[in-house]
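Listed below are the residues making up each chain.
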Amino acid sequence: MKVGTDAVLLGAWMPLTENCGSILEIGAGCGIISLMLAQRTKAMITGIDIDEKSVQEAQKNAENLPCKEKVQFLQESVQDFTQKATQKFDVIVSNPPFFENSLKSPKTNKNISKHTDTLPFETLIHSINILLSETGRAGLILPLVAAEKFEISAIKNRLYATKKTCIYPTPNKKPNRILMLFERTQKPCEENNLILREKGYTVEYHDLVKDYLLIDHLLK
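Summarised in this report is the structure supplied together with it.

Criteria and thresholds
The residue count restarts for each chain, going from 1 along the sequence in the order it is written. The predicted nature of this model means local features are confined to residues of pLDDT at least 70 and side-chain atom pairs, given and counted, to a pLDDT of 80 or more, with totals for whole chains, interfaces and linings taken over all residues. To obtain the side-chain values, all non-hydrogen atoms of the structure were used and water was disregarded. Two rings from Phe, Tyr or Trp (for Trp, the six-membered ring) form a pair when their centres are within 6.5 Å of each other. A pair whose planes differ by under 30 degrees is stacked, one over 60 is edge-to-face, and the rest are tilted. Under the scheme applied here, a residue whose accessible area is under 20% of the maximum for its type counts as buried, over 50% as exposed, and between as partly exposed, the area being computed with a 1.4 Å probe on protein chains only. Charges are assigned to positions over rings by a cutoff of 6 Å between ring centre and Lys NZ or Arg CZ, combined with an angular limit of 35 degrees from the ring normal. Going along the chain from the N terminus, every DSSP run of H or I of four or more residues is numbered as a helix, and every run of E of two or more is numbered as a strand. It is the directions from the helix axis to the C-beta atoms that the arc portrays. Throughout, a residue-residue contact means that at least one pair of heavy atoms, one from each residue, lies within 4.5 Å. Paired strands, as defined in this entry, are two strands with at least two bridges between them according to DSSP. Note on geometry: axes are lines fitted to C-alpha atoms, helical ones only across the stretch in contact, with angles between N-to-C directions running from 0 to 180 degrees. By this rule, a helix spans an expected 1.5 Å times one less than how many residues it contains.

Description of the packing of aromatic side chains
Evaluation of the coordinates by the stated rule reveals four aromatic pairs. Where Phe81 meets Phe89, the ring centres are 6.2 Å apart and the plane angle is 35°; that geometry is what we call tilted. With respect to burial, Phe81 and Phe89 carry one shared label: buried. Between Tyr201 and Tyr205, the ring centres sit 5.2 Å apart and the planes meet at 35°, which makes this aromatic pair tilted. Among the aromatic residues, ring-to-ring pairing joins Phe121, Phe150 and Phe182 into one connected group. Here the guanidinium or amino end of Arg197 rests over the ring plane of Tyr201, the centre of that ring lying 4.2 Å away.

What to know about helix α6 (residues 121-131)
It helps to recall that an α-helix has 3.6 residues per turn; residues three or four apart then point in one direction. Among the residues making up α6, those that are buried are Phe121, Leu124, Ile125, Ser127, Ile128 and Leu131. Mapping the buried residues of α6 onto a view down its axis gives an arc of 160°, with all of them on the same face. Taken together, the buried residues of α6 touch β1 (22-26), α4 (78-84), β4 (89-94), β5 (132-142) and α7 (144-156).

So, the sheet that holds β1
Note on sheets: strands pair through backbone hydrogen bonds, and any given pair is parallel or antiparallel. Strand order in this open sheet of eight strands is β3-β2-β1-β4-β5-β7-β6-β8, and the pairing throughout is mixed. Each edge of the open sheet carries a strand with a single partner, namely β3 (71-75) and β8 (190-195). Direction aside, neighbouring strands of the sheet carry axes that sit 15° apart on average. As defined by bridge partners, β1 adjoins strand β2 (residues 44-49) across five bridges and the pair is classed as parallel. Residue pairing for β2: Leu24 is matched across the bridge by Thr46.

Let's talk about α7
Helix length check: α7, at 13 residues, gives a terminal C-alpha distance of 19 Å against a target of 18 Å (1.5 Å per residue), a fit within 8%. The set of residues buried in α7 consists of Ala146, Ala147, Phe150, Glu151, Ser153 and Ala154. In an axial view of α7, the angular spread of the buried residues amounts to 165°, which keeps them on one side of the axis. Residues of α7 that are exposed and point over 90 degrees away from its buried face: Val145, Glu148, Ile152 and Lys156. Each element contacted by the buried residues of α7 is listed here: α6, β5, β6 (160-168) and β7 (177-183).

As for the pairing of β6
The element β6 is extensively covered by neighbouring structure, given that eight of its nine residues are classed as buried. Where β6 and β7 come together, seven bridges link them in antiparallel fashion. Residue pairing in the sheet places Lys164 in a bridge with Met180 of β7. In this structure, β6 lies alongside β8, joined through six bridges in parallel fashion. Bridged to Thr165 within β8 is Asn192.

Right, dumping it as C-alpha cells:
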C-alpha cells in the first residue's frame, strides 16, 4: 500500500514518554506508524486493522525491522478488539477514515481506509476511551472540518485536546490537516503550525521526518 504523508507525519510527531510501555494503532494499514514508533520506544506495539491484505503487508514490513519482536499486527475490527481487550494502553494512535457520504472508490480496501462507514468517529472515540490508560495519550491526524467534529465528540467522552499542529502544504495555502493529541486531563492546549513545502521541503518538515525519509536532496 502507498505510504501517505499523513501517516508519516503522525508517526514522526506523536509524543512518547520514556515510561511508555504499550501502544495501540487503530487502523494500522501497512503498519507504517507502528513501525516508526517502534524505532524510538521500548514499548510493545499492537496494530489492528479489519483488512486482511493490509495486515499481511504490515506483518511482512515488520519482518524487515531489527525491533520486530516488539510489534504485532492483528486482523480485527476495533469494535471486536475493544470488547475482548484486557489491557489499557499508554498510547493510542490512529490515522482514521474521515470521508462521510462521499463518492467511493471501486477498491474495497481503499474505501475502508478513507470512509467512516466501518469506523464512525463515535465508535473510535468510544474505543479510545475504553482502551486508553488513565494517564495515556491518543494521537490522530485529520482534515480540519473532520477534526472539529471529532473534538466535539471527544470532549463529550472527557478526552481533551492538549496539543495541535496545523499542517500547511505551502505558506500560501490553507491548512489541510491537523495533528491532535488527546488526554483525560483538561489543560491549556499547545498549538503550532508546520509548513511542508516552500520551493522544496521546509527545514522544519525535514527535521521532523529526517530519521525516516531520505529527503535531504529536496530541501529548499
